[in-house]
Amino acid sequence: KQFKDPDLIGQFIDKYRDMRNLWEVKNPLYRHRPARKASLEKLLQFVKTQVPDADSDFVEKKIGSLRSTYRKELNKIQASMSSGAAAEDVYVPSLWYYNRMRFLEDQMEVRESLSTLPSSLPSTLPSTPAEASEDQPGPSILEEVEEPSWSQEDLSQDEALECATQEEAG
């Protein structure tokens, strides 16, 4: 019976919803570890009434599982709405506890990604190989440039000394 009863899961979700510090990012106690631990302990005591060998890891995994499943359904709905589908073609969630988890909807927004590229890159660089045409001078940003390799026989003694000095300085 390991936590499969819909009534138990429904009650668990309701208790989880009431403990805002476990899911509401803007809650002042969201980052307060002792408060979070106390809330998880309350959920654990509730779960232990039906699953006596449950521990805090079990509760955290159950929360993660419920959230993940809800997020998948939410993504399906949003994808069907953004595809330009007619109202009758919008995905209808099949998850029986979807409406019970809707309190998480505004907590599931995707954060805007940050670019790791330096801001000093020229904006005229092609972003795809198709944009890099043959008449552009130099290699595209996606091609590898082969660096020349020099052996001692290729260089005069003065050139070899100068290269070694530059490598040490660099």
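Small disclaimer: the values here were computed from a predicted structure and weren't measured. (Residues numbered from 1 in each chain as written. Predicted model: local features only at pLDDT ≥ 70, side-chain atom pairs only at ≥ 80, totals over all residues. Heavy atoms only, no water.)

What to know about helix α3 (residues 56-82)
Put simply, the rule is: Runs of H or I in DSSP of at least four residues are treated as helices and runs of E of at least two as strands, each being numbered from the N terminus. A helix is expected to span 1.5 Å multiplied by its residue count minus one. Using a 1.4 Å probe on the protein chains alone, a residue whose accessible area is under 20% of its type maximum counts as buried, one over 50% counts as exposed, and one in between counts as partly exposed. Throughout, a contact is declared for two residues whenever any of their heavy atoms are within 4.5 Å.
The terminal C-alpha atoms of α3, which comprises 27 residues, lie 38 Å apart, in line with the 39 Å expected from a rise of 1.5 Å per residue. Those residues of α3 that sit buried are Val59, Lys62, Ile63, Leu66, Arg67, Tyr70, Glu73, Leu74, Ile77 and Ser80. If you follow the buried residues of α3, they end up packed against α1 (6-18) and α2 (33-48).

Quick word on a negative patch on the surface
Spelled out, the test is: Two distance rules govern patches: like charges are joined within 9 Å, and nonpolar side chains (Val, Leu, Ile, Met, Phe, Trp, Tyr) within 5 Å, applied only to residues with over 30% relative accessible area and no salt bridge. Methods summary: accessible areas were calculated by the Shrake-Rupley approach with a probe of 1.4 Å, and residue burial reflects only the protein chains presented. Throughout this description, the term salt bridge denotes a Lys or Arg side-chain nitrogen within 4 Å of a carboxyl oxygen of Asp or Glu. For the purpose of charge, His is not counted, nor are the chain termini; Lys and Arg are scored as positive and Asp and Glu as negative. Throughout, a charge is located at the NZ atom of Lys, the CZ atom of Arg, the CG atom of Asp or the CD atom of Glu.
A contiguous patch of negative charge on the surface is contributed by Asp53, Asp55, Asp57 and Glu60. Note that Asp53 resides in the loop between α2 and α3.

Side note on the nonpolar core
Threshold: As used in this record, nonpolar core signifies buried Ala, Val, Leu, Ile, Met, Phe, Trp, Tyr and Cys residues forming a set joined through side-chain atoms within 4.5 Å.
Formed by 28 residues in total, the largest nonpolar core has its most connected members in Phe12, Tyr16, Leu43, Val47, Val59 and Met101. Of all the secondary structure elements, the ones that give two or more residues to this core are α1, α2 and α3. The element best represented in this core is α3, accounting for six residues. In this structure Leu43 touches Phe12, Lys15, Tyr16, Met19, Leu22, Val59 and Ile63, once residues within four positions along its chain are discounted.

A few points about the packing of aromatic side chains
Condition: Ring pairs are drawn from Phe, Tyr and Trp, using the six-membered ring of Trp, whenever the two centres fall within 6.5 Å, and their geometry is named by plane angle: stacked under 30 degrees, edge-to-face over 60, tilted for the rest. The criterion is that NZ of a Lys, or CZ of an Arg, lies within 6 Å of the ring centre and within 35 degrees of the ring normal, and then a charge sits over that ring.
The tally for this structure, following the rule as stated, stands at four aromatic pairs. Taking 6.0 Å as the distance between ring centres and 65 degrees as the angle between the ring planes, the aromatic pair formed by Tyr16 and Phe103 counts as edge-to-face. Of the two residues, Tyr16 is situated in helix α1 and Phe103 in the loop between α3 and α4 (157-169); the sequence distance between them amounts to 87 residues. Take Tyr16 and Phe103: they sit in the same class, and that class is buried. In textbook terms, an aromatic cluster arises when at least three aromatic residues are bridged by ring pairs, as seen for Tyr16, Trp23 and Phe103. The lysine or arginine in question, Arg36, covers the ring of Tyr30, its NZ or CZ lying 4.8 Å from the ring centre.

Concerning the packing of α2 against α3
Under the convention used in this document: For helices, the axis comes from a line fit to the C-alpha atoms of the stretch in contact; other axes are also lines fit to C-alpha atoms, and the angle between any two N-to-C directions lies between 0 and 180 degrees. In these notes the angle categories are as follows: under 35 degrees is roughly parallel, over 145 is roughly antiparallel, 65 to 115 is roughly perpendicular, and the rest is oblique.
Two numbers describe how α2 lies on α3: the axes approach to 9 Å, and their chain directions differ by 95 degrees. Taken together, the axes of α2 and α3 are roughly perpendicular relative to one another. Judged by residue contacts, Leu40, Leu43, Leu44 and Val47 of α2 engage Ser56, Phe58, Val59, Glu60 and Ile63 from α3.

Thoughts on the packing of α1 against α3
Threshold: Only Asp, Glu, Lys and Arg are considered charged in this grouping, and only Ala, Val, Leu, Ile, Met, Phe, Trp, Tyr, Cys and Pro are considered nonpolar; every other residue, Gly among them, is considered polar.
Two elements in contact, α1 and α3, have axes whose closest approach is 12 Å; the angle formed by their N-to-C orientations is 95 degrees. The angle between α1 and α3 places the two elements in the roughly perpendicular class. Contact residues: Ile9, Phe12, Ile13 and Tyr16 in α1; Val59, Lys62, Ile63, Leu66 and Arg67 in α3. Considered class by class, the residues forming the contact of α1 with α3 number seven nonpolar, no polar and two charged.

Some points on the pattern of salt bridges
Considering all chains together, one arrives at five salt bridges under this definition. Residues Glu105 and Arg102 are paired through a salt bridge, measuring 2.9 Å at the closest nitrogen-oxygen approach. Residue classification places Arg102 among the partly exposed residues on the basis of a relative accessible area of 40%. The network of salt bridges with shared partners includes Asp14, Arg17 and Arg100.

Topic: the side chain of Ser80
On the secondary structure map, Ser80 appears in helix α3. The buried category is assigned to Ser80, whose relative accessible area is 12%.

No statement about biological role is implied by the geometric values presented.
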